[in-house]
Amino acid sequence: MQVKAPRGTYDILPNDSVKWQYIEKIMKDSAESFGFREIRTPLFEHTELFQRGVGQGTDIVSKEMYTFNDRSQRSLTLRPEGTAPCARVLIEHGVFSGVMPVKWYYQGPMFRYDRPQTGRYRQFHQFGVEAFGSNNPYLDAEVIILLVEIFSRLGLSDYELHLNSVGCSVCRDAYRQKLLHYIAPLKERLCQDCRQRYFQNPLRVLDCKIEACHQAIVGYPTIYDSLCPYCQEHYSRVKVALEDNGISYIHDNNLVRGLDYYSNTAFEIHLPGIGAQSAVGGGGRYDGLVKALGGPDIPGIGFALGMERLLLALDRLGKREFSQPSLDAFVVVMNDSYEMQGLQLLNELRRKGIRADKDYGGRSGKAQMKYAGKTAARFVVLVGEEEVEKGFWTLRDMQNKEQFQLGQEELISSIRCVIEAK
RNA sequence: GUGGAUGUAGCUCAGUCGGCUAGAGCACCAGAUUGUGGCUCUGGGGGCCGUGGGUUCAAGUCCCAUCAUCCACCCCA
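Reading the values: the criteria
Residues numbered from 1 in each chain as written. Chains lettered and ligands numbered in written order. Predicted model: local features only at pLDDT ≥ 70, side-chain atom pairs only at ≥ 80, totals over all residues. Heavy atoms only, no water. Core = buried A, V, L, I, M, F, W, Y, C linked by side-chain atoms within 4.5 Å. Buried < 20%, exposed > 50% of the residue type's maximum accessible area, 1.4 Å probe, protein only. Helix = DSSP H or I, 4+ residues; strand = E, 2+ residues; numbered from the N terminus. Near = heavy atom within 4 Å. Polar contact = N/O pair within 3.5 Å; in protein donor to acceptor, adjacent residues only side chain to side chain. Domains from an automatic or database assignment. Disulfide = S-S within 2.5 Å. Pairing = 2+ DSSP bridges. Phe/Tyr/Trp six-rings, centres within 6.5 Å; stacked < 30°, edge-to-face > 60°. Salt bridge = Lys/Arg side-chain N within 4 Å of Asp/Glu carboxyl O.

J.: How would you sum up the nonpolar core? Please name residues and give values.
T.: Membership of the largest hydrophobic core comes to 68 residues, with the highest contact counts inside it found for Phe127, Phe151, Ile217, Phe267, Phe303 and Leu305. In terms of residue count, the dominant contributor to this core is helix H5 (residues 137-153) (9 residues). One finds Met65, Val102, Leu259 and Val290 within the second-largest nonpolar core, a separate group that totals 30 residues.

J.: Which residues make up the protein's contact with RNA strand B, and what are the values?
T.: Taken together, the neighbourhood of RNA strand B is formed by 44 residues, with Arg7, Thr118, Arg204, Ala279 and Lys401 sitting nearest. In the interface set of RNA strand B, defined as its atoms within 4 Å of the protein, sugar plus phosphate atoms amount to 54%. A distance of 3.4 Å separates a phosphate oxygen of RNA strand B from a polar backbone atom of alanine 276. Within the backbone of alanine 279, one N or O atom sits 2.5 Å away from a sugar or linking oxygen of RNA strand B. Contributions of two or more residues to the surface near RNA strand B are made by strand E6 (123-132), strand E10 (279-285), strand E11 (300-306), helix H13 (365-374) and helix H14 (385-390).

J.: Describe the domain arrangement of chain A, and please don't skip the residues or the numbers.
T.: By domain assignment, chain A separates into domain 1 (14-168 + 228-316) and domain 2 (329-420). For domain 1 and domain 2, the distance between their C-alpha centres works out to 50 Å.

J.: Pulling in residues and values, what's your account of the state of the cysteines?
T.: Scanning all chains against the criterion turns up 0 disulfides. Cysteine cysteine 168 shares no disulfide, and the gap to the nearest cysteine sulfur, in cysteine 171, comes to 3.4 Å. Owing to a relative accessible area of 19%, cysteine 168 belongs among the buried residues under this scheme.

J.: Any chance you could break down the pairing of strand E3 (residues 66-69) for me, citing the residues and the numbers?
T.: Strand direction decides the pairing type here: E3 and strand E4 (residues 75-78), joined by 4 bridges, are antiparallel. For asparagine 69, the partnering residue across the bridge sits in E4 and is serine 75. Connecting E3 to the antiparallel partner E4 that follows it, the hairpin turn spans 5 residues, and glutamine 73 within it adopts a positive phi of roughly 65°.

J.: I'd like a rundown of the packing of aromatic side chains, residues and numbers included.
T.: This model, assessed by the stated rule, comprises 10 aromatic pairs. Ring plane angle 70° and centroid distance 6.0 Å describe the contact between tryptophan 104 and phenylalanine 132, whose orientation is recorded as edge-to-face. Residue tryptophan 104 is located in strand E5 (residues 102-111), and its partner phenylalanine 132 is located in strand E6; the two are separated by 28 residues in the primary sequence. When its relative accessible area of 11% is taken as the criterion, tryptophan 104 is described as buried. The exposure class of phenylalanine 132 is buried, given its relative accessible area of 0%. Ring centres of phenylalanine 132 and tyrosine 286 lie 5.8 Å apart, and the angle between their planes is 65°; on these two criteria the pair is classed as edge-to-face. With phenylalanine 132 in strand E6 and tyrosine 286 in the loop between E10 and helix H10 (289-292), this pair connects stretches of sequence that are 154 residues apart. The exposure class assigned to tyrosine 286 is buried, which follows from its relative accessible area of 1%. Among the aromatic residues, those joined into a cluster by ring pairs are Trp104, Phe132 and Tyr286.

J.: Would you mind going over the pattern of salt bridges in detail, with residue names and values included?
T.: Following the criterion strictly, the structure yields 24 salt bridges and no others. In this structure, the salt-bridge partner of glutamate 233 is arginine 237, at a minimum N-O distance of 2.7 Å. Of the two residues, glutamate 233 and arginine 237 are both situated in helix H9 (residues 229-244); the distance of 4 residues between them amounts to about one turn of the helix. Residue classification places arginine 237 among the partly exposed residues on the basis of a relative accessible area of 37%. Between arginine 355 and aspartate 328 there is a salt bridge, with its nearest N and O atoms 3.5 Å apart. Of this pair, arginine 355 sits in the loop between helix H12 (339-351) and strand E13 (356-358) while aspartate 328 sits in the loop between helix H11 (307-317) and strand E12 (329-333); the two residues are 27 residues apart in sequence, bridging distant segments of the chain. Look at aspartate 328 and you get buried, because its relative accessible area is 2%. Here the salt bridges share partners, and the residues they tie into one network are Glu45, Arg88 and Glu92.

Pasting the structure below:
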């Protein structure tokens, strides 16, 4: 055991791959039913895109990026998230001059250098959606409804949806000042981390997990009370839209998102019961992002889901049985001298859309039968002396052990008849 | 980056107070009178006991380091 997958990465073997395909299909179908279309962007981008798009002050940019120089000394970074690349595409291809809003979904690996633990990897996978070009609060609601729809289709109903508004740049700056004033005299009672946060990102003090910090700042001004009239109006429309569509949520004054570009609506979806990394999805509005990247002033909203956490949740709280793909037919060659007849038959079956295989391990006829049993093939086709000489194939139905001697046309139509009935 | 737990066969694990060629179940391969699967039985292959050092007559077992995994902090999806 010398070569191992790098720390924080892992392999998806065929038995698990089936689970991925299952959730990927649900996500794709859900997003498409809401009018989103797939976008695929490179796995790496210019480092600058994330520095500007995600924010210099964030943990992601300051300590979690896989950044390297290529052979021409360009600084590139393995994408840590999917929103900034989408915004880049919007600008680069002038998509914003077409029909708006633009609604995209994406799925694929993201990279962050962080300490691995349950539900947290260095190469992890996100499914996300982005909608650019409208600041209509009902679009916020639609995006959240899609998120909830995916959970519902996955059979994960015990989620908690947290909702807040972080305001626009104007009311957030005003709030920030208010909060700084409030906390300043209480600073001594905060934990080390929070004293740091006070300077770097005071809003983060609010979601410190240490109880003493909560007590120290009890009675603090909430951003909710500091929203400007526009942001208030926006937020209340989002809430009404959710309520009228039967989506329950928890207003959470402490919900602040980590990435710099968020504005107004912010949300997170949690699944208690999958360990400490319970935030399975999160997102919000990012009205300043496209402009910050040098494009026009175009608003946007989106979310991202952590695939690994969803799979973990499915395993602990939901669906656990996944059907594995199986063969329709297995060709058993009873005698080496008929190997070529077996191969030709195999290829013909495959050409006719029958999922078929044969042994390549030089096994005896009996061992091939065993092998066929393990592949869970529905039928076995026997190729031996009698068959080749008399010009038929022996078809064995592995479920009821019935055997028939059939010509090739009949053989194929019999197999197809059964598999199409499934 | 910080703290804690754990590393023995492909997988799940046993291995006493340091003491013989390191075990089991599952999985894999072969056979049970030679053209027929699942059950059963018999046999077989497979282990630098994570890696490197140390203590000892003797280390899977004790000590140190390192790497990795897991749990939590942190952060986030």
